[in-house]
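Close look at the chain arrangement
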Amino acid sequence: MKKLKEHFCFGGVTEFWEHDSQITKTSMKFSTHRPQNTKDIKGGLIWLSGLTCNEENFITKAGAQRVLSKEGLVIICPDTSPRGLDLPDEHKDYDFGSGAGFYVDATVEPFNKNYQMYSYINDEVYALFNSHFNLKGNVGIFGHSMGGHGALVLGLRNPERYKSISAFSPIVNPTQAPWGQKAFTGYLGRDQKAWSEYDACELIKSGAKHPSPILIDQGLADNFYPEQLLTNNFKEICAQKEQACTINLREHYDHSYYFISTFIEEHLLHHKKRLLTQD
């Protein structure tokens with residue numbers, strides 16, 4: 001693991017890193033922010049970014065460092081796909097391939113060799129993060145759009161690992177959304193049973209449940225709401241299956257980091273509350 005650069009910020013340290021991933025078989029980058037004194041760390045958060053993003057978007061635009069430093073939280077922000085490859089059609093569209101790994105383990109060639117983003121986050125990033133900052137498993141997960149989808153899926157499939165979940169503008173039902181259908185066909189083929197393993201609505205429908213309430217913020221001026229994000233589908237299935245969930249529909253707000261930065265403190269405090277109550 002190689003540190004590329006660091007910046008002192010709000011009494012903490014923002015750092016950028018690179019490492020060789022055994023799972024994606026490529027070099028991968030991520031950013032972190034931690035309290036200046038690592039002894040002040042009370043818990044950790046994994047942030048998953050959305051389409052076209054990399055390890056820099058959240059850490060430079062969300063305005064989270066002030067709250068993270070104050071509350072004693074450390075965060076890791078991984079890239080959204082493998083890099084340095086030149087696979088067929090990998091760089092053709094913004095919503096598939098480079099910058100659009102969708103947090104699935106691809107089974108379709110040639111993407112199955114490197115696009116293993118579910119396992120990369122759940123196994124490699126989690127282990128590295130947990131060990132490097134001595135978190136003792138006190139970790140939450142959240143994200144935006146494609147990353148909100150990833151956070152919901154990872155959290156629901158691994159409730160013992162992720163103590164808290166939240167999301168901004170998540171793709172909650174990708175098997176029914178154009179973004180998800182395109183990505184899942186390209187990464188997983190046409191077997192929709194495989195798709196359902198990466199769909200938060202389908203997971204809850206089949207019995208997955210998280211012991212902590214899920215927090216979601218969705219802007220009503222979002223160009224992708226409701227065609228791509230399908231927020232109401234998640235609201236309905238959570239009510240049916242008694243999954244505790246708070247969904248805030250925010251009038252006037254769009255899909256951008258201006259929206260995220262407005263409500264980031266609420267999300268960080270949501271996670272801190274759950275992380276500090278863990279045994």
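I will try to describe carefully the structure that is included in this document. What you are looking at is a predicted structure, and each value in this text was computed from that prediction instead of being measured.

Side note on the nonpolar core
Nonpolar side chains in soluble globular proteins tend to end up buried together. In terms of nonpolar packing, the biggest core is built from 60 residues, with Ile46, Phe102, Tyr187 and Phe234 touching the most fellow members. No other element matches the 7 residues that helix H3 (residues 117-132) contributes to this core. Apart from the residues within four sequence positions on either side, Phe234 is in contact with Leu152, Val172, Ala200, Cys201, Ile204, Ile214, Ile216, Cys245 and Ile247. If you look at the next biggest cluster of nonpolar residues, it comprises 21 residues, including Phe58, Ala64, Phe259 and Leu275.

Some remarks on the packing of aromatic side chains
Geometrically, a pair of aromatic rings is defined through the distance of the ring centres and the angle of the planes. Within this structure, the stated rule accounts for 21 aromatic pairs. Seen from their ring centres, Phe102 and Phe184 are 6.2 Å apart, and the 75 degrees between their planes marks the pair as edge-to-face. With Phe102 in the loop between strand E5 (73-78) and H3 and Phe184 in helix H5 (residues 178-188), this residue pair connects regions lying 82 residues apart in the sequence. For Phe184, a relative accessible area of 0% corresponds to the buried category. With centroids separated by 5.7 Å and ring planes inclined at 75 degrees, the aromatic side chains of Phe129 and Phe133 adopt a geometry described as edge-to-face. Of the residues examined, Phe129 reaches a relative accessible area of 0% and is grouped as buried.

Describing helix H4 (residues 146-157)
Helix length check: H4 (12 residues) gives 17 Å between terminal C-alpha atoms against 16 Å at 1.5 Å per residue, within 8%. The buried count for H4 comes to 11 of 12 residues, which makes it a mostly enclosed element. Of the positions making up H4, those classed as buried are Met146, Gly147, Gly148, His149, Gly150, Ala151, Leu152, Val153, Leu154, Gly155 and Leu156.

Cut-offs and rules
- Residues numbered from 1 in each chain as written.
- Predicted model: local features only at pLDDT ≥ 70, side-chain atom pairs only at ≥ 80, totals over all residues.
- Heavy atoms only, no water.
- Core = buried A, V, L, I, M, F, W, Y, C linked by side-chain atoms within 4.5 Å.
- Buried < 20%, exposed > 50% of the residue type's maximum accessible area, 1.4 Å probe, protein only.
- Helix = DSSP H or I, 4+ residues; strand = E, 2+ residues; numbered from the N terminus.
- Contact = heavy atoms within 4.5 Å.
- Phe/Tyr/Trp six-rings, centres within 6.5 Å; stacked < 30°, edge-to-face > 60°.
- Expected span 1.5 Å × (residues − 1).

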